[in-house]
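Fold and contact review
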Amino acid sequence: MSRIYTDIELLDLLKSGDRSALDEIYKRYHGLLYNHAYRRLPDREEVRDILQEIFIYLWNKKETLEITSLSAYLYTSVRSRVLNVFRNQKVREMYMQSLQDFMNAGEYTLDEKIREKELVQLIEKEVTSLPPQMRQIFEMSRFQEKSHKEIAEELSISPQTVRTQVRNALRVLRVKLGAGIFTLFF
């Protein structure tokens, strides 16, 4: 794109499937959105994830989105996702506190069973959201307790690829679940 387009023109180009329009929107807004999100959530990885999700969503839903102001839409999306992160962190903290209380009390009540079930569901949700090959390798490693060599032979890939995929899966899960929950389960 050699000329400067207005936001409305960029939205029209985006809706028609013009990939360069998304690139231009990204260049125009990424830095501003990053700073906006980082002031509220000083976690670089989390902010990068939020922005990536927003731009992927924008591209995937380009034909159906009804946007009148691109900047307002993007800022609202960032604010909404930052609030979701805070909400999820609060839920994780409640789970961690509940688990800690259980460990301190040594009792296993119905309420704790429910929370544990919800925590397991949260972990399963995050594992299923991994990319397909990464998820398959991670599940084979952690849940089927197969060695990297066994997984590599079964999937016809190198052990180094298996090692890298498991390491990446653990990194993603550590970010998504928080260090406390991650340490307890992995």
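This write-up is about the structure you can find in this document.

Cut-offs used in this document
- Residues numbered from 1 in each chain as written.
- Predicted model: local features only at pLDDT ≥ 70, side-chain atom pairs only at ≥ 80, totals over all residues.
- Heavy atoms only, no water.
- Helix = DSSP H or I, 4+ residues; strand = E, 2+ residues; numbered from the N terminus.
- Buried < 20%, exposed > 50% of the residue type's maximum accessible area, 1.4 Å probe, protein only.
- Contact = heavy atoms within 4.5 Å.
- Areas by Shrake-Rupley, 256 points an atom, 1.4 Å probe, with all protein chains shown as cover.
- Core = buried A, V, L, I, M, F, W, Y, C linked by side-chain atoms within 4.5 Å.
- Axes fitted to C-alpha atoms, helices over the stretch in contact; angles between N-to-C directions.
- Parallel < 35°, antiparallel > 145°, perpendicular 65-115°, else oblique.
- Left-handed = near helix turned anticlockwise from the far one by under 90°.
- Nonpolar A, V, L, I, M, F, W, Y, C, P; charged D, E, K, R; others polar.
- 1 Å grid on protein atoms, 1.4 Å probe; cavity = no way out; pocket = protein on both sides within 12 Å on 5 of 7 lines; lining within 4 Å.
- Points joined across faces, edges and corners; volume = space filled by probe spheres on them.
- Arc of directions from axis to C-beta.

Structural notes on the overall build of the chain
Helix and strand counts for the chain stand at 9 helices and 0 strands. A burial count over the chain gives 32% of its 186 residues as buried. Counted over contacts in the chain with a minimum sequence separation of 6, partners at least 24 positions apart contribute 54%. Carbon and sulfur atoms provide 52% of the accessible area of the chain, an area that totals close to 11,700 Å².

What about the nonpolar core?
In terms of nonpolar packing, the biggest core is built from 27 residues, with L14, I25, L33, L58, L74 and V78 touching the most fellow members. Those elements that place two or more of their residues in this core are α1 (7–15), α2 (19–40), α3 (44–60) and α4 (70–105). If near-sequence neighbours (up to four positions away) are discounted, L14 is found in contact with A21, L22, I25, L58, W59 and K62. Counting 18 residues, the second-largest nonpolar core is a separate cluster that includes I123, L130, I137 and V162.

A word on the packing of helix α7 (residues 148–155) against helix α8 (residues 159–177)
Two numbers describe how α7 lies on α8: the axes approach to 8 Å, and their chain directions differ by 115°. Taken as axis vectors, α7 and α8 run roughly perpendicular relative to one another. Here α7 runs over α8; the crossing is right-handed. Residues H148, I151 and A152 of α7 form the contact with α8, whose participating residues are P159, V162, R163 and V166. Here the contact of α7 with α8 is composed, by residue class, of 5 nonpolar, 1 polar and 1 charged.

Considerations on the layout of surface pockets
Taken as a whole, the largest pocket holds about 880 Å³ of empty space. Lining the largest pocket are 27 residues, and of these D49, E53, E126, S129 and K176 sit closest to its centre. Mapped by element, the contributors of at least two residues to the lining of the largest pocket are α3, α4, α5 (110–128) and α8. Partitioned by chemical class, the residues of the lining of the largest pocket number 10 nonpolar, 6 polar and 11 charged.

A word on α1
Inspection of α1 places D7, L10, L11 and L14 among the buried residues, and these make up the whole buried set. What you see down the axis of α1 is that its buried residues fit within an arc of 100°, all on one side. Of the exposed residues in α1, the ones pointing more than 90 degrees away from its buried face are I8 and D12. Looking one or two residues past α1, G17 carries a phi angle of roughly 95°, positive in sign.

A look at the packing of helix α6 (residues 132–142) against α8
Two quantities define a packed helix pair, namely the angle between the helix axes and the distance between the axes. At their nearest, the axes of α6 and α8 sit 9 Å apart, and the two run at 95° to each other. Between α6 and α8, the crossing angle belongs to the class labelled roughly perpendicular. Facing Q133, M134, I137, F138, S141 and R142 of α6, the residues of α8 in contact are V162, Q165, V166, N168, A169, L170 and L173. Classifying every residue of the contact of α6 with α8 by side-chain character gives 8 nonpolar, 4 polar and 1 charged.

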